[in-house]
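Reading the structure
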Amino acid sequence: MSNTSGSSGQLVWGVALTLMGIAVFFRVPQIVPELAQKVNLASGEAFISFCMYLVGIILLGGGIRKLFAHFSSRKDSSDKDQG
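Residues numbered from 1 in each chain as written. Predicted model: local features only at pLDDT ≥ 70, side-chain atom pairs only at ≥ 80, totals over all residues. Heavy atoms only, no water.

On to the overall build of the protein chain, then. Scanning the protein chain from N- to C-terminus turns up two helices and zero strands. Here the protein chain holds 83 residues, and the buried ones make up 19% of them. Relative to all contacts within the protein chain whose residues are 6 or more apart in sequence, the contacts with residues 24 or more apart total 80%. When the accessible surface of the protein chain is totalled, it reaches about 6300 Å², and 67% of it is carbon and sulfur. (Helix = DSSP H or I, 4+ residues; strand = E, 2+ residues; numbered from the N terminus. Buried < 20%, exposed > 50% of the residue type's maximum accessible area, 1.4 Å probe, protein only. Contact = heavy atoms within 4.5 Å. Areas by Shrake-Rupley, 256 points an atom, 1.4 Å probe, with all protein chains shown as cover.)

Looking at the element boundaries, V55 is found in helix α2 (residues 45–82). Residue classification places V55 among the partly exposed positions, given a relative accessible area of 42%. Taking the C-alpha atoms as reference points, V55 and F25, 30 residues apart in sequence, are found 9.4 Å from one another.

Below, the discussion takes up a nonpolar patch on the surface. A surface patch of nonpolar side chains, about 390 Å² in accessible area, is lined by V15, L19, I22 and F26. Looking at the element boundaries, V15 is found in helix α1 (residues 4–39). Residue classification places V15 among the partly exposed positions, given a relative accessible area of 36%. (Patch = residues over 30% accessible without salt bridge, like charges linked within 9 Å, V, L, I, M, F, W, Y side chains within 5 Å. Salt bridge = Lys/Arg side-chain N within 4 Å of Asp/Glu carboxyl O.)

Next up on the list: the side chain of H70. Within the fold, H70 resides in helix α2. A relative accessible area of 7% means that H70 is categorised as buried. One polar contact links H70 to S7, side chain to side chain, over a distance of 3.2 Å. (Polar contact = N/O pair within 3.5 Å; in protein donor to acceptor, adjacent residues only side chain to side chain.)

The quantities given are spatial measurements derived from coordinates; they are silent on function.
Shown next, in the form of structure tokens:
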């Protein structure tokens, strides 16, 4: 018997990570100039952008990995049930 509640929780978590990763990419151009102005780091704007985009890549990659793992394990379990 498979743990469907844990599996659906992992699916929701994977979707949430993926969506947050995408959202970071849309928000970075709006937030970085404000953040650099508040902190008074005009020269550090490129570094802040790099760090924010890196966070977005990590979130997106983690979400995609969770989704891929969820669907591949689901396929494997359905193959075992039929075989």
